[in-house]
There are 2 protein chains.
Amino acid sequence: MHFKLAFIGFGTVGQGLTEILLEKKDMLAEQYDFNYIIVAISDIMKGSVYEKYGLDMYKILDLVKNGKKLDEYPTGIKDLDSLATIKKSNADTIVEVTYTDIKTGEPAITYIKTALGAGKNVVSTNKGPVVKQAVELLKMAESNNAHYGFEGVVLAGTPALNLARFSLAGNKINGFKGILNGTTNYILTRMEEGMSYDNALKKAQVLGYAEADPTGDVEGLDALGKVVILSNVVLGKNIGWKDVERKGITEITKDEIVKAKAEGKRWKLIGSAEIQSDGSVKAKVWPEKLPLSDPLASVNEAINALTYHTDELGPITIVGPGAGRRETGFSLLIDLLEINRKS
Amino acid sequence: MHFKLAFIGFGTVGQGLTEILLEKKDMLAEQYDFNYIIVAISDIMKGSVYEKYGLDMYKILDLVKNGKKLDEYPTGIKDLDSLATIKKSNADTIVEVTYTDIKTGEPAITYIKTALGAGKNVVSTNKGPVVKQAVELLKMAESNNAHYGFEGVVLAGTPALNLARFSLAGNKINGFKGILNGTTNYILTRMEEGMSYDNALKKAQVLGYAEADPTGDVEGLDALGKVVILSNVVLGKNIGWKDVERKGITEITKDEIVKAKAEGKRWKLIGSAEIQSDGSVKAKVWPEKLPLSDPLASVNEAINALTYHTDELGPITIVGPGAGRRETGFSLLIDLLEINRKS
């Protein structure tokens, strides 16, 4: 396929994808018959530019990295906002990577619906729309003969959704259990080495794993969003934010961690869901003391892991990065390659 | 797609796939638009039967489980041998699960070439043909517009090849490292608990993990075959049996295992290959003392695991079963679903 891409939002993830697309242009064309031009970018801070025969993305990256606005790009149309870019540009596929409120899912939901409604494919790393409206948006994509891909919302570029959907096809997946948040896993790893919670958190912040306000990570909200997504997309249920029991890691003391170590166990923040015999889902995010024989117990640092419970194969686990600028950018390429295969 | 399948060989793996196909018939049709009839079976011991509008597979399983020959099936043509079944039946897809010599790859290679040459798809769990001629057979499939699938040859139904080929597409995979043999992993797990090598081997034999002559497993030959396959199919190289350094587990003493445990380490039989800076591959099967922080260290019992070294995502690990009648049967369904997606 020859993609015409438009970026809505152009922060670190969008730039990460752009770098990958530029560096791998030849390889993608040769190995996968994947070809592309990037026709438009619209970013609330950086401005917008539309050039129907394709932008010079080296020039674009140069502008952005020097803190300049997209208006300074030498040619093209500059006055389209994000909605107009989606509607009026000749892009067939929208890379939706805006800064979006995870609770409301906006403005991403509006952008995604606008694109799908116009029959344009969407690939997006925003969790909010998937948490709130995965089923609805997937149906909308199908009825408009378009694709809505969001591989990056669970484990960034680690292909957890792709694995469930394609590689494990034919199985019934009855549940899952995983380390779905890298920040808390990093903190727990440092605490087991003897560091205090406060110092481990500070170190996570210095390394860019944790934000200034770490609540979303340490209270288990980020993991909770992923449990909702996996329950709805992989288990085929329709649960919401409030259907998941939640406890974060802030009450785990150094003493408890030392005690677990002496028992040959290890504390992990586990996100899980299991289909019950009545068809309902029991979902939670909760700290668990795992025996070291559990494949999840040895997953340390900021690494993520996810075990699916399948009917034919038993537990299948995937382990890989769960965050990162380039890793999350790469998740968008997984979605684009999926569209490419289907076309 | 509406498959017309013919089984060449009908041992435990073929029967395992048949059970899955029967139990999941409705689910496969509804979820994947995957439909099938089984038109022929040819087995060197059980005889053969061909019925162009489809066999009643419940009747077939009944016959086979009662030790009867396929000749006793009430209708159909009974005098076709395996080659004739491939050539003369109306099957579009051959399930090749014969008893085959892993060293020569025969008779599987002959069957596979005959089928591909006639433009028929092949799915197979035989390692021999992939070890010996993967590149050639894949090219032959392509030029005949057919598909040659062999997901089961590495980790049975754990979708290790599918993961590399599709879910990790866009990455350059530069190497891998894995626990590729369940029998030896089971023995090492028991030895760490205090059992002697001889007793652990006996227990593995009782459980059906190890054969009466365990050489293929304990000397690392089975793992070696998988290293050759992964090097050729995933790393894109063309190495043979003799290009892999090999050492099995028979020289690991209980003392060494106890000593490793005291150091917080664990012995594993590791199959690995890495592309070198000159483009060559360094491949080996060798016992390694892994720190418990290595994701492979906590993979115990007869479970297998494989870590791919990717350029975009770093190490990506998949953990799951590496053997089993039904699990290996399921690997054929993964291949069939792949053909179904492409068609």
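Residues numbered from 1 in each chain as written. Chains lettered and ligands numbered in written order. Predicted model: local features only at pLDDT ≥ 70, side-chain atom pairs only at ≥ 80, totals over all residues.

Participant: What's the story with the sheet that holds strand E2 (residues 35–43) of chain A in this structure? I'm lost.
Facilitator: Within a sheet, neighbouring strands are paired by backbone hydrogen bonds and run either parallel or antiparallel to one another. Residue and element names in this part refer to chain A. Taken together, 6 strands build an open sheet; the order of strands is E3-E2-E1-E4-E5-E6 and the sheet is mixed. On the outer flanks of this sheet lie strand E3 (47–50) and strand E6 (148–149), each paired with one strand and no other. By the bridge criterion, 2 bridges tie strand E5 (residues 121–124) to E6 in an arrangement that is parallel. What sits directly across from valine 123, in E6, is glycine 149. (Pairing = 2+ DSSP bridges. Helix = DSSP H or I, 4+ residues; strand = E, 2+ residues; numbered from the N terminus.)

Participant: In this structure, what is going on with the domain arrangement of chain A? I would like to understand it.
Facilitator: By convention, interface size is frequently given as the accessible area that disappears when the constituent parts associate. Residue and element names in this part refer to chain A. You can read the domains of chain A as domain 1 (2–157 + 325–342) and domain 2 (169–321). One C-alpha centre belongs to domain 1, the other to domain 2; they are set 29 Å apart. Counting from both sides, the interface comprises 12 residues of domain 1 and, opposite them, 13 residues of domain 2. At the level of secondary structure, the elements contributing two or more residues to the side of domain 1 that touches domain 2 comprise helix H6 (127–143) and helix H7 (152–155). Top contributing element to the side of domain 1 that touches domain 2 by residue count: H6, with 5 residues. Classifying every residue of the side of domain 1 that touches domain 2 by side-chain character gives 9 nonpolar, 1 polar and 2 charged. (Domains from an automatic or database assignment. Contact = placed C-beta atoms within 7 Å. Nonpolar A, V, L, I, M, F, W, Y, C, P; charged D, E, K, R; others polar.)

Participant: Would you mind showing me how to read the pairing of strand E9 (residues 265–275) of chain B here?
Facilitator: Note on strand geometry: in a regular strand, side chains alternate between the two faces of the sheet. Residues and elements named next belong to chain B. In terms of burial, E9 is largely enclosed, as 8 of its 11 residues are buried. In this sheet, E9 lies alongside strand E7 (residues 173–179) in antiparallel orientation, the contact comprising 4 bridges. The residue of E9 that forms the bridge with phenylalanine 176 is alanine 273. Sheet topology places E9 next to strand E10 (residues 281–291); 11 bridges connect them, and they run antiparallel. Across the sheet, residue leucine 269 finds its bridge partner in E10, namely proline 287. Linkage of E9 to E10, two consecutive antiparallel strands, is achieved through a turn of 5 residues, within which glycine 279 is found at a positive phi near 90 degrees. (Buried ≥ 20, exposed ≤ 12 C-beta atoms within 10 Å, placed from the backbone.)

Participant: For this particular structure, what's the right way to read the interface of chain B and chain A?
Facilitator: Between chain B and chain A, the contact holds 36 residues from the first and 36 residues from the second. Residue assignment for the side of chain B that touches chain A shows that the elements contributing at least two residues are helix H2 (25–32), helix H8 (160–167), strand E12 (314–321) and helix H14 (325–342) of chain B. Tallied by class, the residues present in the side of chain B that touches chain A amount to 21 nonpolar, 11 polar and 4 charged. Relative to E12 of chain B, strand E12 (residues 314–321) of chain A is paired through 3 bridges, and the arrangement is antiparallel. Across the sheet, threonine 317 of chain A pairs through a bridge with valine 319 of chain B, a residue of E12 of chain B.

Participant: Looking at this model, I keep getting lost on helix H1 (residues 12–23) of chain A. Mind explaining?
Facilitator: A turn of α-helix holds 3.6 residues, and therefore any two residues three or four places apart point the same way. Residues and elements named next belong to chain A. Its 12 residues give H1 an end-to-end C-alpha distance of 16 Å, which sits within 8% of 16 Å, the value for a rise of 1.5 Å per residue. Looking at H1, one finds that the buried residues are Val13, Gly14, Gln15, Gly16, Leu17, Thr18, Ile20 and Leu21. Contacts from the buried residues of H1 go to strand E1 (2–8), helix H2 (25–32), E2, helix H3 (57–65), strand E4 (93–96) and helix H14 (325–342). (Expected span 1.5 Å × (residues − 1).)

Participant: Whenever I open this one, H14 of chain A confuses me. Can you help?
Facilitator: End to end, H14 of chain A covers 27 Å across 18 residues, agreeing with the expected 26 Å (1.5 Å per residue, within 8%). Counting buried positions along H14 of chain A gives 14 out of 18 residues, so the element sits mostly inside the fold.

Participant: I would appreciate a short explanation of the relation of the copies chain B and chain A in the present structure.
Facilitator: The operation linking the two copies of the chain is a rotation about an axis combined with a translation along the axis. Between the two copies, chain B and chain A, the superposition gives an RMSD of 0.0 Å; the rotation angle is 180 degrees and the shift along the axis is 0.0 Å. Taken together, the rotation angle and the small translation identify this as a two-fold axis. Identified as the residue of chain B closest to the rotation axis by C-alpha distance is isoleucine 318 of chain B, at 2.3 Å. Comparing interface residues between copies, 100% of those in chain B also sit at the interface in chain A, which points to an isologous, same-surface contact. (Least-squares fit on C-alpha atoms with pLDDT ≥ 70 in both.)

Participant: Would you take a moment to explain the environment of alanine 141 of chain B for this structure?
Facilitator: Residue and element names in this part refer to chain B. Residue position: alanine 141 is located in helix H6 (residues 127–143). With 21 C-beta atoms packed within 10 Å, alanine 141 lands in the buried category. Here the alpha-carbon distance between alanine 141 and tyrosine 73, two residues 68 residues apart in the chain, equals 33 Å. Ignoring any residue separated from it by four or fewer positions in sequence, one finds alanine 141 in contact with Leu116, Ala146, His147 and Tyr148.

Participant: How do you make sense of the sheet that holds strand E1 (residues 2–8) of chain B when you look at a structure like this?
Facilitator: All names here are of chain B. Read across the sheet, 6 strands follow the order E3-E2-E1-E4-E5-E6 without closing on themselves; strand pairing throughout is mixed. With partners counted over all chains shown, the strands left at the sheet margins are strand E3 (47–50) and strand E6 (148–149), one partner each. Note: E1 against strand E2 (residues 35–43), 7 bridges, orientation parallel. The residue bridging isoleucine 8 from the neighbouring strand is serine 42, located in E2. In the packing of H14 onto the sheet, the strands contacted are E1, strand E4 (93–96), strand E5 (121–124) and E6, and the crossing angle to E5 comes to about 155 degrees. (Axes fitted to C-alpha atoms, helices over the stretch in contact; angles between N-to-C directions.)

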